[in-house]
Amino acid sequence: MKMLRCRICGETYLGDEAPSQCPFCGAHREFLVAPEGYPSDINEVAPTEIERQDLEAAIELERSNTRFYLGMAQRDDNDALRSAYKRLARIEAEHCSLFCKLAKNPKPADLLEPGATNDDWAADIAESLERERRASALYAEFTARATSVRLREVFGAVAAVERDHIDFDALARTYVRP
Ligand SMILES: [Fe+2]
Ligand SMILES: [Fe+2]
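(A) Fine view of the packing of aromatic side chains. Tallied over the entire structure, the rule returns 8 aromatic pairs. Aromatic side chains Tyr139 and Phe155 sit 6.1 Å apart centroid to centroid with 20° between the ring planes, which places their arrangement in the stacked category. Here Phe155 lies in helix H4 (residues 149-172) and Tyr139 lies in helix H3 (residues 121-145), a separation of 16 residues in the sequence. Judged by its relative accessible area of 0%, Tyr139 falls in the buried class. In textbook terms, an aromatic cluster arises when at least three aromatic residues are bridged by ring pairs, as seen for Phe68, Tyr69, Tyr85 and Phe168. Its end group placed over the ring of Trp121, Arg75 keeps NZ or CZ at 4.1 Å from the ring centre. Positioned above the aromatic ring of Phe68 is the side chain of Arg131, whose terminal nitrogen or guanidinium carbon lies 4.3 Å from the ring centre.

Structure follows, in structure tokens:
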């Protein structure tokens, strides 16, 4: 068995082989490293004015998406989709916590309160697709303008996770019952 740590969220993974994505934040395999690759001061950054604004925007985006997915996960008429969007909510909540750490902000008090949805799987998945497209585009911008090496690493890794979520929404549509 190996012990790996995710350089993005800092969670520990125990297993024989690194999974293709971190089970906690969705970061791709390349970020799962030996524990020595995750120094204790990894999130000690001194954001510039623009980086601070980008972190604040990231916290709000992840808060909103977490709550939307928790709202989707409240419905009891499609267990596969309920479970999948609960999974996405956990990943977005992990992103929110990470950005709060980097900004040295407290976690939003309502982070884990289910938010309003459209009450229809097809409409919610369409909205999810819009949210994920917006997230991946924003994180690509934040990555391009970040000057801190750590912030560039985190924004870039999370942009890739949000692109995976776009792919997931396309798959989820096939699980909507007519
Ligand atoms: Fe992770
Ligand atoms: Fe996402």
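Structure shown, so let's carry the discussion forward.
(B) Spotlight on a nonpolar patch on the surface. Taken together, the side chains of Met1, Met3 and Leu14 define a hydrophobic patch exposed on the protein surface, amounting to about 390 Å² of accessible area. A relative accessible area of 79% means that Met1 is categorised as exposed.

(C) Fine view of the coordination of the iron ion (ligand 2). For the iron ion (ligand 2), the full set of protein donor atoms is Glu92 (OE), Glu132 (OE), Glu132 (OE), Glu162 (OE) and His165 (ND1), and the range of their distances to it is 1.8 to 2.5 Å. Mapping the donors of the iron ion (ligand 2) onto the primary sequence yields the spacing E-x39-E-x29-E-x2-H. On the criterion of sequence distance, the pair formed by Glu92 in helix H2 (residues 79-103) and His165 in helix H4 is long-range, its members being 73 residues apart. Among the residues examined, His165 registers a relative accessible area of 5% and is labelled buried.

(D) Looking closely at the packing of H2 against H4. One way to put it is that H2 packs onto H4 with a least axis distance of 12 Å and a crossing angle of 165°. Looking at the two axes, H2 sits roughly antiparallel to H4. At the point where H2 passes H4, the crossing takes the left-handed sense. Each of Leu81, Ala84, Tyr85, Leu88, Ile91, Glu92, His95, Leu98, Phe99 and Leu102 in H2 lies in contact with H4, whose residues at this interface are Arg150, Leu151, Val154, Phe155, Val158, Val161, Glu162, His165, Phe168, Asp169 and Ala172. Class assignment for the residues of the contact of H2 with H4 results in 15 nonpolar, 2 polar and 4 charged.

(E) Expanded view of the side chain of Asp110. Inspection of the secondary structure puts Asp110 in the loop between H2 and H3. Of the polar contacts made by the side chain of Asp110, one reaches the side chain of Arg67; its length is 3.1 Å. Once you skip the residues sitting within four places of it in the chain, Asp110 turns out to touch Arg63 and Arg67.

(F) Spotlight on the pairing of strand S2 (residues 12-15). One ladder, built from 4 bridges, connects strand S1 (residues 2-6) with S2; its direction is antiparallel. Bridged to Met3 within S2 is Leu14. The antiparallel hairpin formed by S1 and S2 contains 5 residues in its connecting segment, where Gly10 sits at a positive phi of about 85°.

(G) View of the packing of H3 against H4. Put simply, H3 and H4 touch, their axes get as near as 8 Å, and they point 160° apart. Of the possible angle classes, the one that applies to H3 and H4 is roughly antiparallel. As H3 packs across H4, the resulting crossing turns out to be left-handed. Touching Ile125, Ser128, Leu129, Glu132, Arg133, Ala135, Ser136, Tyr139, Ala140, Phe142 and Thr143 of H3 are Arg152, Phe155, Gly156, Val158, Ala159, Glu162, Arg163, His165, Ile166, Asp169 and Ala172, all from H4. Looking at the contact of H3 with H4 residue by residue, the classes come out as 11 nonpolar, 5 polar and 6 charged.

(H) Region of the structure containing the environment of Glu62. For Glu62, the position within the fold is in helix H1 (residues 49-72). Using a relative accessible area of 0% as the deciding quantity, one classes Glu62 as buried. For the pair formed by Glu62 and Cys96, sequence separation is 34 residues and the distance between their alpha carbons is 5.2 Å.

About the cut-offs
Residues numbered from 1 in each chain as written. Chains lettered and ligands numbered in written order. Predicted model: local features only at pLDDT ≥ 70, side-chain atom pairs only at ≥ 80, totals over all residues. Heavy atoms only, no water. Phe/Tyr/Trp six-rings, centres within 6.5 Å; stacked < 30°, edge-to-face > 60°. Helix = DSSP H or I, 4+ residues; strand = E, 2+ residues; numbered from the N terminus. Buried < 20%, exposed > 50% of the residue type's maximum accessible area, 1.4 Å probe, protein only. Lys NZ or Arg CZ within 6 Å of the ring centre and 35° of its normal. Patch = residues over 30% accessible without salt bridge, like charges linked within 9 Å, V, L, I, M, F, W, Y side chains within 5 Å. Areas by Shrake-Rupley, 256 points an atom, 1.4 Å probe, with all protein chains shown as cover. Salt bridge = Lys/Arg side-chain N within 4 Å of Asp/Glu carboxyl O. Donors = N, O, S within 2.8 Å, 3.2 Å for Na, K, Ca; no water. Axes fitted to C-alpha atoms, helices over the stretch in contact; angles between N-to-C directions. Parallel < 35°, antiparallel > 145°, perpendicular 65-115°, else oblique. Left-handed = near helix turned anticlockwise from the far one by under 90°. Contact = heavy atoms within 4.5 Å. Nonpolar A, V, L, I, M, F, W, Y, C, P; charged D, E, K, R; others polar. Polar contact = N/O pair within 3.5 Å; in protein donor to acceptor, adjacent residues only side chain to side chain. Pairing = 2+ DSSP bridges.

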